[in-house]
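Take a look at the letters that make up each chain.
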Amino acid sequence: MFYKDERLALFIDGSNLYAAAKALGFDIDYKLLRQEFMRRGKMLRAFYYTALLENDEYSPIRPLVDWLNYNGFTMVTKQAKEYTDSQGRRKVKGNMDIELTVDAMELAPRVDHIVLFSGDGDFRPLVESLQRQGVRVSVVSTIRSQPPMISDELRRQADNFIELDELKDVLGRPPREPMMEREPVAAAAS
């Protein structure tokens, strides 16, 4: 439920939204996402949170980060940390929960409604605190994936749960196919 005159802010947990959309078989068109929520209310800010690998010369997420930065999104990034776990596997750690929480708490007095794009149950206390401050909170994620991408606790705490799969026609696009290696075509001998 949205009201045309309410002040909105979007908080997008980039990796969580990407995983939810991928599980549903589509990609997010961020231009359409922004337009959709501008239509629903007075959008003050759209935050996008993601971690970037420190040592990669080229990161596959860099073009998206740059595009979002130039197209009305407030980008919040930090360097991901690489480490080797006890079984010798390479792991990447880049949790943005604290940054998102601090920004939401700071903006709460200036908004009527926050839309959180994440299913992470760690955000349940944030949602509860925002509600105590008089802010309505909608959560966008999915229960239609296996397993569901939203924690039950977060879904119950939210004022409104928006099923990502139901937004597919509004802000989705087909997933990009990786470039396939093609065999060179041999020139016909004359």
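Preceding this paragraph is the structure being described.
Residues numbered from 1 in each chain as written. Predicted model: local features only at pLDDT ≥ 70, side-chain atom pairs only at ≥ 80, totals over all residues. Heavy atoms only, no water.

Draft legend 1. Local environment of the pattern of salt bridges. Tallied over the entire structure, the rule returns 12 salt bridges. With a shortest N-O distance of 3.9 Å, Glu-128 and Arg-132 are connected by a salt bridge. Residue Glu-128 and its partner Arg-132 are both found in helix H5 (residues 124–132); the two are separated by 4 residues, about one turn of the helix. A relative accessible area of 30% places Glu-128 in the partly exposed class. The salt bridge partner of Arg-144 is Asp-165, with a shortest N-O separation of 3.2 Å. A residue pair is termed long-range when its members are at least 10 positions apart, and Arg-144 in the loop between strand E7 (136–141) and helix H6 (152–157) and Asp-165 in the loop between strand E8 (160–163) and helix H7 (168–171) qualify at 21 residues. The partly exposed category is assigned to Asp-165, whose relative accessible area is 23%. Taken together, the shared-partner salt bridges connect Glu-36, Arg-39 and Arg-40 into one network. (Salt bridge = Lys/Arg side-chain N within 4 Å of Asp/Glu carboxyl O. Helix = DSSP H or I, 4+ residues; strand = E, 2+ residues; numbered from the N terminus. Buried < 20%, exposed > 50% of the residue type's maximum accessible area, 1.4 Å probe, protein only.)

Draft legend 2. Representation of the pairing of strand E5 (residues 90–93). Here 4 bridges tie strand E4 (residues 74–84) to E5, and the two strands are oriented antiparallel to one another. The residue of E5 that forms the bridge with Thr-84 is Arg-90. Counting the residues that bridge the hairpin from E4 to E5 gives 5 residues, and of these Gly-88 lies at a positive phi of roughly 85°. (Pairing = 2+ DSSP bridges.)

Draft legend 3. Focus on the environment of Tyr-70. Examined against the element boundaries, Tyr-70 turns out to sit in helix H3 (residues 62–70). The exposed category is assigned to Tyr-70, whose relative accessible area is 74%. Separated by 37 residues in sequence, Tyr-70 and Leu-33 have C-alpha atoms that sit 15 Å apart.

Draft legend 4. Structural detail: helix H2 (residues 30–40). All buried positions along H2 are accounted for by Tyr-30, Leu-33, Glu-36, Phe-37 and Arg-40. Along the axis of H2, the buried positions cluster into a sector of 120°, meaning they face one direction only. For H2, the N-terminal capping position is held by Asp-29, with its side-chain oxygen 3.1 Å away from the main-chain nitrogen of Lys-31. (Arc of directions from axis to C-beta. Polar contact = N/O pair within 3.5 Å; in protein donor to acceptor, adjacent residues only side chain to side chain.)

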